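Summary of structural features
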Amino acid sequence: MNQISPLAYVHPEAKLGDNNIIGPFCFIDRNTVMGDNNVLQNSVTINYGMRMGSNNEIMPGASLSTKPQDLKFQGEDTTCQIGDNNSIRENVTISRGTASKGVTIIGSNNLLMENMHIGHDCVIGNSCIIGNSTKLAGEVIVDDKAIISATVLAHQFCRVGGYVMIQGGCGFSQDIPPYIIAGKHPIKFAGLNLVGLRRRGFSNELINHIHEAYRLLYSKGLIAEGLEEIKKNLQITPEIQYIIDFVSSSKRGIIH
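Calculation rules
- Residues numbered from 1 in each chain as written.
- Predicted model: local features only at pLDDT ≥ 70, side-chain atom pairs only at ≥ 80, totals over all residues.
- Heavy atoms only, no water.
- Helix = DSSP H or I, 4+ residues; strand = E, 2+ residues; numbered from the N terminus.
- Expected span 1.5 Å × (residues − 1).
- Buried < 20%, exposed > 50% of the residue type's maximum accessible area, 1.4 Å probe, protein only.
- Arc of directions from axis to C-beta.
- Contact = heavy atoms within 4.5 Å.
- Salt bridge = Lys/Arg side-chain N within 4 Å of Asp/Glu carboxyl O.

Looking now at helix H4 (residues 238-249). Along its twelve residues, H4 runs 16 Å from first to last C-alpha, staying within 8% of the 16 Å computed at 1.5 Å per residue. Looking at H4, one finds that the buried residues are Glu239, Ile240, Ile243, Ile244, Phe246 and Val247. All buried residues of H4 lie within an arc of 165 degrees about the axis, which places them on one face of the element. Where the residues of H4 are buried, they touch strand E24 (159-160), helix H2 (204-219) and helix H3 (223-233).

One pass over the full model with this rule turns up six salt bridges. Here Arg89 makes a salt bridge to Glu90, at a shortest N to O gap of 3.1 Å. Given a relative accessible area of 31%, Arg89 falls into the partly exposed group. Note on Glu90: relative accessible area 25%, which makes it partly exposed. Where Lys232 meets Glu229, a salt bridge forms, and the shortest distance between an N and an O atom there is 3.3 Å. Here the residue Lys232 and the residue Glu229 both occupy positions in helix H3, the gap between them amounting to three residues, near one helical turn. Among the residues examined, Lys232 registers a relative accessible area of 62% and is labelled exposed. Take Glu229: its relative accessible area is 17%, and that puts it in the buried class.

Here it is as structure tokens:
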């Protein structure tokens, strides 16, 4: 049985699972679907188009599946999909999709900290941490297990690789490849995310292998030549193939 505060509003067409807690002054719009065991603290807004999984905790002031901040948006029927076991902190805003992709996607087991924003048509993976007041513009992609610190500004269409750590206060308009630390002003490659990789169980041998891949990637000055050096000189493990695929498919170029 759901526990819904008498001071909350739930649209009659909203579809709620079981054992959800809906606090006072929450608003749940029509065309919304929610799984089981979600906790909405007070003053949470669930807008049109939300598709939420189970076991999420949403803190006060969050507004999810908001109308996209895109002048091209013409009211098309789009959604925002959120997985399971996410912690979404105070005043987080997440826009739903536009005609471009039709959906904004947030995976599972993420921590989205206070006052951060995820723009329309973004795709956030699983087990990511995104810090206070960080802003992701439209159609940004963040791969699994990335950590983005506080007050980071991400340009639209950028991609963030998995297992990265991005220093607080940075802004970037190019892609950030996996396994690295990105920081300074302007933002630069600042080595491997050694602490993060070890915490995730990467062996020293594998870390050294990844380190050599980046040494080769940046050694030639031209990224295309660096990729060829990797292919010629290194064993292509899944981690190295991820780097190759990420860099090869980058449309905005990668940071140096």
